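The residues making up each chain are set out below.
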Amino acid sequence: MRSKISVQKVYDMVNKFDLNHLDLTIGDVKKLQLVLDENATEEQFIYALERINKSNYFVEKLAG
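Everything numeric here is computed off the predicted structure, so don't read it as measured data.

Caption draft 1: Representation of the overall build of the protein chain in the model. Looking only at helices and strands, the protein chain has three helices and zero strands in total. Its helices and strands taken in sequence order, the protein chain reads α-α-α from the N to the C terminus. Relative to its 64 residues, the protein chain shows a buried fraction of 27%. Sequence-distant contacts in the protein chain: of pairs separated by 6 or more residues, those separated by 24 or more amount to 69%. Total accessible area computed for the protein chain in this model is approximately 4800 Å², and 57% of it derives from carbon and sulfur atoms.

Okay, structure coming up:
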């Protein structure tokens, strides 16, 4: 069984790339944990984060 990415590593990556303006929710972090393991590369992290942000954007557009 793979080890999912830790919450600390998610926030370390957010800080590393200066992405604090994204205001990630616990739900966003859980989504990242579903698709990334602890050995995820920076590229995989950014790709997954982009996918999550797009889906959040569309959910907010539909709700609003």
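Now, onward.
Caption draft 2: Summary view of the nonpolar core. Counting 14 residues, the largest nonpolar core has Val10, Val14, Leu24, Leu32, Leu36, Phe45 and Leu49 as the members making the most contacts within it. Within the residue set of this core, elements represented by two or more residues are helix 1 (7-16), helix 2 (26-35) and helix 3 (42-63). A per-element tally of this core places helix 3 first, with four residues. Once residues lying within four places of it in the same chain are set aside, the contact partners of Leu36 are Arg2, Lys4, Ile5, Gln44, Phe45 and Ala48.

Caption draft 3: The arrangement of the packing of helix 1 against helix 2 in detail. Packing of helix 1 against helix 2 leaves a shortest axis separation of 10 Å and a crossing angle of 105 degrees. Comparing the axis directions of helix 1 and helix 2 gives the class roughly perpendicular. Residue-level inspection shows Val7, Val10 and Tyr11 of helix 1 in contact with helix 2, the latter providing Val29, Leu32 and Gln33. Taken together, the residues of the contact of helix 1 with helix 2 break down into five nonpolar, one polar and no charged.

Caption draft 4: Unusual backbone geometry, seen in detail. Phi at Asp18 takes a positive value of approximately 55 degrees, unusual for a residue other than glycine. Checked against the element boundaries, Asp18 lands in the loop between helix 1 and helix 2.

Scoring rules and cut-offs
Residues numbered from 1 in each chain as written. Predicted model: local features only at pLDDT ≥ 70, side-chain atom pairs only at ≥ 80, totals over all residues. Heavy atoms only, no water. Helix = DSSP H or I, 4+ residues; strand = E, 2+ residues; numbered from the N terminus. Buried < 20%, exposed > 50% of the residue type's maximum accessible area, 1.4 Å probe, protein only. Contact = heavy atoms within 4.5 Å. Areas by Shrake-Rupley, 256 points an atom, 1.4 Å probe, with all protein chains shown as cover. Core = buried A, V, L, I, M, F, W, Y, C linked by side-chain atoms within 4.5 Å. Axes fitted to C-alpha atoms, helices over the stretch in contact; angles between N-to-C directions. Parallel < 35°, antiparallel > 145°, perpendicular 65-115°, else oblique. Nonpolar A, V, L, I, M, F, W, Y, C, P; charged D, E, K, R; others polar.

Geometric values such as these leave the question of function open.
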